[in-house]
Amino acid sequence: MVVQLRYNFRVYPTAGQQTELSKAFGCARVVFNDGLRLRQQAREAGLAYVPDGELSRRVITEAKLTPQRAWLGEVSAVVLQQALADLNTAYRNFFNSLSGRRKGRMVAPPRFRSRKDNRQAIRFTRNARFKVLDNGRLRLPKIGDVEVRWSRTLPPEASSVTVIKDAAGRYFASFVVTTAEDETLPPVESKVGIDLGLTHFAVLSDGTKVAAPKFLRRAARKLKRRQQALSRKQKGSANREKAVVKVARAHARVADTRRDWQHKLSTAIIRDNQAVYVEDLCVAGLGRTRLAKSVHDAGWAAFTGMLEYKAARYGRTFARVDRFFPSTRMCSQCGRTTEKMTLNVRSWDCPCGATHDRDVNAAINVLAAGQADNSNDRGARVRPGLVPAPRGEAVTHPDAARSTRSVEGTSVLQDGEDVNAWAC
Ligand SMILES: [Zn+2]
């Protein structure tokens, strides 16, 4: 199995490089928007979908020859081609979603990018001859040699690098590296089931209860105060502008801290267990209820995504257990199912004599269901994890609340993922 990993590093462009970068962000945005407009106009005129090659010729090659777009020649051509590649992927995802070929949430059609988007990004591929120099700087064509904080070792042969400016005004370089599976960990005996609950972040079948750490809750409270302060500021005022940046920074910090903590937890669980099973909670469904806030704060989707790709990477088993399986109210000793319990019932007694902690019992059931084959005598089904897919970050995103994914770290991506952000 081949996995694509993302390696993210903070970069520190000089003032001059920042000017060149903003020029490149702008050109990429213009090409993206020109391409989108051209296709929309063709559609309104009842013409056929403009093919990728023709689009590239018209909005890049020919446009450069016109006085209105001559300045496109000042940035790397690869950056412009990659902006169009994003547009093409966004269209493909949209069409596949319409036809049902793409599973999951509906994908919206591509939208115009704006100068005011809180997140700007450009991508250089191998063709662009970006290079990590011996002095540790990152050479970007037509930008310069940019200083990088190398917080971990970047494997050689990165296939692309995306340069991102986030809402907090920070710059990141996000490299894509393709690796073959050769990181398998030595096998261990233990297997674990995980219940993702509301009182604890996670409860393991061995009885371990993991609470979201205090520092994270504190940071979330601080963010909330900042957001309230922002809402009191006059629209269009300089103070509001400043408050926006402060909220974005606080947001970035909470997201960074949460991700770090989840990385440590998921790594430990994968290292210590040969097989990991979690209940498929359908977080999207839960998110619409009044539990939404705590659910989203808990960030289970990101966490189970980490478990999934780390399992794939380190040769462990990972599976989600169907969520309609009654893990909470089934006795893990005798298999009897009791009536529904409200959320405040934390422990219960089974007629068989067993006393259960609600969450630990659920985790044990998840483990049992996970270990069973496709269909077992308790009627639970196991869906093997297919695609490791934490989200990408290479897209220009209009939403500040989601603009904090570009932190340093490593994650896995799949084809076309860069544009998946359109979907949510
Ligand atoms: Zn029982």
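Scroll up to find the structure this text is about.
Below, the structure is looked at part by part. (Residues numbered from 1 in each chain as written. Predicted model: local features only at pLDDT ≥ 70, side-chain atom pairs only at ≥ 80, totals over all residues. Heavy atoms only, no water.)

1. A word on the overall build of the protein
Reasoning step 1: Along its length, the protein carries 9 helices and 16 strands.
Reasoning step 2: Considering the protein as a whole, with its 424 residues, one finds that 49% of them fall into the buried category. (Helix = DSSP H or I, 4+ residues; strand = E, 2+ residues; numbered from the N terminus. Buried < 20%, exposed > 50% of the residue type's maximum accessible area, 1.4 Å probe, protein only.)

2. Regarding the side chain of Arg113
Reasoning step 1: Structurally, the position occupied by Arg113 is in the loop between α3 (77–99) and β2 (120–125).
Reasoning step 2: There is a polar contact of 3.4 Å between the side chain of Arg113 and the side chain of Asp86. (Polar contact = N/O pair within 3.5 Å; in protein donor to acceptor, adjacent residues only side chain to side chain.)

3. What about unusual backbone geometry?
Reasoning step 1: Even without being a glycine, Arg129 presents a positive backbone phi close to 60°.
Reasoning step 2: Looking at the secondary structure, you find Arg129 in the loop between β2 and β3 (131–132).

4. Examining the pattern of salt bridges
If the charged atoms of two oppositely charged side chains come close together, the side chains can form a pair.
Reasoning step 1: Enumeration according to the criterion identifies 18 salt bridges in this entry.
Reasoning step 2: One salt bridge connects Asp166 with Arg170, and the closest N-O pair in it is separated by 2.9 Å.
Reasoning step 3: The exposure class assigned to Arg170 is buried, which follows from its relative accessible area of 15%.
Reasoning step 4: Close ionic contact of Arg170 with Asp256 constitutes a salt bridge, the shortest N to O distance being 3.5 Å. Placement of the pair is Arg170 in the loop between β6 (158–165) and β7 (171–180) and Asp256 in helix α5 (residues 238–272), with a sequence separation of 86 residues. Accessibility classification places Arg170 together with Asp256 in one group, the buried group.
Reasoning step 5: Through salt bridges that share partners, Asp166, Arg170, Asp256 and Arg259 make up one connected network. (Salt bridge = Lys/Arg side-chain N within 4 Å of Asp/Glu carboxyl O.)

5. Here's the deal with the nonpolar core
Reasoning step 1: Ile122, Phe124, Phe130, Leu138, Leu140, Val161 and Phe175 are the most contacted members of the largest nonpolar core, which has 45 residues in total.
Reasoning step 2: With 10 residues, helix α1 (residues 15–44) is the largest single contributor of residues to this core.
Reasoning step 3: Residues in contact with Ile122, not counting those within four places in the same chain, are Leu21, Ala24, Phe25, Ala28, Val79, Val161, Thr162 and Val163. (Core = buried A, V, L, I, M, F, W, Y, C linked by side-chain atoms within 4.5 Å. Contact = heavy atoms within 4.5 Å.)

That's the geometry; what it means functionally is another story.
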